[in-house]
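Geometric and topological summary
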Amino acid sequence: DTLTDKQATIKAVKDYIAQIAKVTSAGDYMLITFSGHGTTKGGNGESNAICLHDGIVWDIELKKLIAQFKQGVNVIWITDCCFAEDNYKAFNTGGVAKYVDIAKVKNVIIPDSTKWLASEIFKCNFIQYASSNKFQVSYDVAGSGLFTTALQRAITKYSGANYYQLFQRIEQEISKTGYPQTPKFTVINGNDVKPNGLTYNKFLH
């Protein structure tokens, strides 16, 4: 399913992920992608967020959603936004930046990170492809996200790549452009996922 523009509300996104988490079981594959604006609190108490149609969803909130997926479920999380790395808060110069200045957003409530629950850990197998590290903006080029364009080219040109090889191809595609943007690759519960033993084709399909 695809949620765009006015459909992509906080409630719609949270409800959909929670619904899918309930019906998936070990061996199932879930692909979640986000392309849009990202923002950050910054500072020592850094907290990152994605920006939906009617508001902001912080990393701690996204973490709670992903933590609902059961053990053995395979989740791929692809985010093309500013400050994309770790925007689910897991423990274990040209172009137009997709950036929202948090200082200009009214009535923003940032969740207290000290209230994370020990039970909110990832039981699922989790892989993230992030467009940028947690300190960087992500750029738009030629009518699309730089990262999204690189991902599409990598999939087209290297159809036999495994999870990490796909990430390496994305890195190569972005580096050719000269933009100051560093994609990130994260695996949680990697002993189950074995990213070097499977092709991304199996995961995406």
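Residues numbered from 1 in each chain as written. Predicted model: local features only at pLDDT ≥ 70, side-chain atom pairs only at ≥ 80, totals over all residues. Heavy atoms only, no water.

**Considerations on the overall build of the protein**
- In terms of regular secondary structure, the protein is built from six helices and 10 strands.
- The buried share of the protein, reckoned over its 205 residues, is 46%. (Helix = DSSP H or I, 4+ residues; strand = E, 2+ residues; numbered from the N terminus. Buried < 20%, exposed > 50% of the residue type's maximum accessible area, 1.4 Å probe, protein only.)

**Re the environment of D59**
- For D59, the location among the structural elements is in helix α2 (residues 59–66).
- As a C-alpha pair, D59 and Y88 span 29 residues in sequence and 4.4 Å in three-dimensional space.

**So, the nonpolar core**
- Within the largest apolar cluster, 26 residues are counted, with the highest numbers of intra-cluster contacts made by F69, V75 and F126.
- Secondary-structure elements contributing two or more residues to this core are α1 (10–23), β1 (29–35), β3 (48–52), α2, β5 (74–80) and β7 (125–130).
- In contact with F69, not counting residues within four places along its chain, are I17, I20, A21, T24, M30, I32, V75, K123 and C124.
- By size, the runner-up hydrophobic cluster in this structure holds 18 residues, among which are I78, A150, A161 and L166. (Core = buried A, V, L, I, M, F, W, Y, C linked by side-chain atoms within 4.5 Å. Contact = heavy atoms within 4.5 Å.)

**So, the pattern of salt bridges**
- For the structure on display, the rule yields four salt bridges.
- Between D15 and K11 there is a salt bridge, with the nearest N and O atoms lying 2.6 Å from each other. Remark: K11 and D15 occur in helix α1; sequence separation between them is four residues, near one turn of the helix.
- Take K11: its relative accessible area is 59%, and that puts it in the exposed class. (Salt bridge = Lys/Arg side-chain N within 4 Å of Asp/Glu carboxyl O.)

**Things to note about the sheet that holds β5**
- Pairing is mixed across the open sheet formed by four strands, whose spatial order is β1-β5-β7-β10. The open sheet is flanked by β1 and β10 (184–188), the only strands paired with a single partner. Strand-to-strand twist in this sheet, taken as the mean axis angle between neighbours without regard to direction, amounts to 10°.
- Where β1 lies against β5, seven bridges are found, and the strand directions are parallel. Looking at the pairing, T33 lines up with I78 of β5.
- Sitting on the sheet, helix α4 (residues 163–175) is in contact with β5, β7 and β10, with an inclination near 10° to β7. (Pairing = 2+ DSSP bridges. Axes fitted to C-alpha atoms, helices over the stretch in contact; angles between N-to-C directions.)

**A word on unusual backbone geometry**
- A positive phi angle, close to 55°, is found at F83, a residue other than glycine.
- Considering the arrangement of structural elements, one finds F83 in the loop between β5 and β6 (96–97).
- According to the relative accessible area criterion, F83 is buried, its value standing at 6%.
- One non-glycine residue with positive phi stands out, namely D86, at about 65°.
- Position of D86 among the secondary structure elements: in the loop between β5 and β6.

**Remarks on the packing of aromatic side chains**
- Overall, the coordinates contain six aromatic pairs when judged by the stated rule.
- Here a set of aromatic residues connected by ring pairs shows up, and it is made of Y129, Y164, F167 and F185.
- Above the ring of Y158, the side-chain terminus of R169 is found at 4.4 Å from the ring centroid. (Phe/Tyr/Trp six-rings, centres within 6.5 Å; stacked < 30°, edge-to-face > 60°. Lys NZ or Arg CZ within 6 Å of the ring centre and 35° of its normal.)

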